[in-house]
2 protein chains.
Amino acid sequence: MKRCIIFGGGPLSDCDKIQLDLQAQDDTIACDAGYLTARHFGIVPRLVVGDFDSYKGAIENGAQVYTAPVRKDDTDTMLAVKLALKAGCKEFLLIGMLGGRLDHTLANLQTLGYLCEHGARGEIRANRNRCWAVQNGALRLKRLEGWHLSVFALDGCCRGVSLRGVSYPLEGATLTSSFPLGVSNEFAAETAEIAVEDGTLLVIASQEGGEGSCQS
Amino acid sequence: MKRCIIFGGGPLSDCDKIQLDLQAQDDTIACDAGYLTARHFGIVPRLVVGDFDSYKGAIENGAQVYTAPVRKDDTDTMLAVKLALKAGCKEFLLIGMLGGRLDHTLANLQTLGYLCEHGARGEIRANRNRCWAVQNGALRLKRLEGWHLSVFALDGCCRGVSLRGVSYPLEGATLTSSFPLGVSNEFAAETAEIAVEDGTLLVIASQEGGEGSCQS
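No experiment lies behind these values; they were computed from the predicted model shown. (Residues numbered from 1 in each chain as written. Chains lettered and ligands numbered in written order. Predicted model: local features only at pLDDT ≥ 70, side-chain atom pairs only at ≥ 80, totals over all residues. Heavy atoms only, no water.)

It is worth spelling out unusual backbone geometry at this point. One non-glycine residue with positive phi stands out, namely Asn136 of chain A, at about 45°. Mapped onto the secondary structure, Asn136 of chain A falls in strand 7 (residues 129–142). Unusually for a residue other than glycine, Ser184 of chain B sits at a positive phi of about 65°. Following the sequence through the fold, Ser184 of chain B ends up in strand 11 (residues 182–186). Assessed through its relative accessible area of 17%, Ser184 of chain B is described here as buried. (Helix = DSSP H or I, 4+ residues; strand = E, 2+ residues; numbered from the N terminus. Buried < 20%, exposed > 50% of the residue type's maximum accessible area, 1.4 Å probe, protein only.)

Next up, the structure:
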């Protein structure tokens, strides 16, 4: 399955310690100032997209540039996702997507739902947070020692939600977007399984640490 | 309309500069380490709720304490909201709700939807972000100079979405949770009006600044 790594312009302090596990056949796209995120990882992306309202510096030879109008419906991340889907990518790793403006963070989380609806899957990876969406199916996650695991209804209502291999299991529950029932679960086995029969779940693994990580 | 201010344990650096406009008749509830947030603002809250996994220090005389079990369905914020709704509060100001663990942030945003469904309204206020939810109705916001204004479908699908007094107006549009169409609008008049005929919109005003605020 062809993978695309998309680099956003979120703060480097939020994603500088992650493992990319870059493979030769991976596609790489940077969104505007996400070019600097790619460069942090030593990567010259295949493509740099955006309206370039945030990055105005030089771009290495070897990277193509796609300049979008400032007045556009798509966020730069969504633009990159659409181009990569067209190029046949089905698996996405999204870096530099959290920790900046909250509206950008939300938009990037919703992009995970968009990927599900287009037959693809994605992960947002940051130093202390990893996020996935799963639609009418199941997601299996290897234990992340000491991390919390939370699930949210991304699309209003999720029916038949089951959580297995966790400290607070659920079977066939209903989650809605206005009742955060699935917060702060914990891995209780080598693999946690998150399944939903009808709907799209947002799954977030979060690590304690840093300032103010103790809200509930 | 009786107002409740709820203090969460998100990082103080994210909310220390806000204006509370505390009034004598306001109810005040702190959630666990949110007690320290309240104290930062010089407030001894009426009530401190939580499982006290994050705050183990002393609590001033005058504050009641409600200790919840660690194994509970509600987040501490949701617990506070339910108690305040029971006490007749219809307006909520939520402080210390952003900038910590991403799962907590998401849960707190969803709590805004819960308030709508229970005939109340709320605002999450932080230094650089302000968040509201509006369900089958309209929200009017005074111009925030230099802030971006974004709207998201909080509950799957929002029909009849209209944005007025903004740079990129909409009339009767449909927004879904998997397509972030409404990101990075701008105030273009003294008042912006955000209306939705059917569904729950999450509205986020975000200010540029800080590290990595330039994603799209």
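From this point, the discussion proceeds with the structure in view.
Turning our eyes to something else, we now look at the interface of chain B and chain A. The interface is formed by 63 residues belonging to chain B together with 64 residues belonging to chain A. With both chains or domains summed, chain B and chain A bury close to 5100 Å², and 55% of this area falls on carbon and sulfur atoms. Where chain B touches chain A, the interface holds two salt bridges. At the surface where chain B touches chain A, the tally comes to 15 residue pairs in polar contact (both at pLDDT 80 or more). Elements represented by at least two residues in the side of chain B that touches chain A include exactly helix 2 (76–86), helix 3 (102–117), strand 7 (129–142), strand 8 (147–153), strand 11 and strand 12 (191–207) of chain B. At 13 residues, helix 3 of chain B tops the list of elements feeding residues into the side of chain B that touches chain A. Residues of the side of chain B that touches chain A, tallied by class, amount to 23 nonpolar, 28 polar and 12 charged. (Contact = heavy atoms within 4.5 Å. Buried area = accessible area lost by both parts, 1.4 Å probe. Salt bridge = Lys/Arg side-chain N within 4 Å of Asp/Glu carboxyl O. Polar contact = N/O pair within 3.5 Å; in protein donor to acceptor, adjacent residues only side chain to side chain. Nonpolar A, V, L, I, M, F, W, Y, C, P; charged D, E, K, R; others polar.)

Residue and element names in this part refer to chain B. Most of helix 2 is tucked away, with eight of its 11 residues classed as buried. When helix 2 is considered as a whole, its buried residues turn out to be Asp76, Thr77, Met78, Leu79, Ala80, Val81, Ala84 and Leu85. Against strand 1 (3–7), strand 2 (27–31), strand 3 (47–50), strand 4 (64–67), strand 5 (91–95) and helix 3 lie the buried residues of helix 2. Gly88, located one to two residues past helix 2, shows a positive phi value of around 95°.

Here we take up the pairing of strand 7 of chain A. Residue and element names in this part refer to chain A. Two strands pair when backbone bridges link them, and strand 6 (residues 121–125) and strand 7 are joined in this way by three bridges, in the antiparallel orientation. Counted as the bridge partner of Ile124 is Cys131 from strand 7. The hairpin formed by strand 6 and strand 7 contains three residues between the paired strands. (Pairing = 2+ DSSP bridges.)

What follows concerns the side chain of Thr77 of chain B. Residues and elements named next belong to chain B. With respect to the element layout, Thr77 can be found in helix 2. In this structure the side chain of Thr77 is engaged in a polar contact, spanning 3.0 Å, whose partner is the side chain of Asn108. Apart from residues no more than four positions distant in its own chain, Thr77 is found in contact with Cys31, Met97, Asn108 and Thr111.

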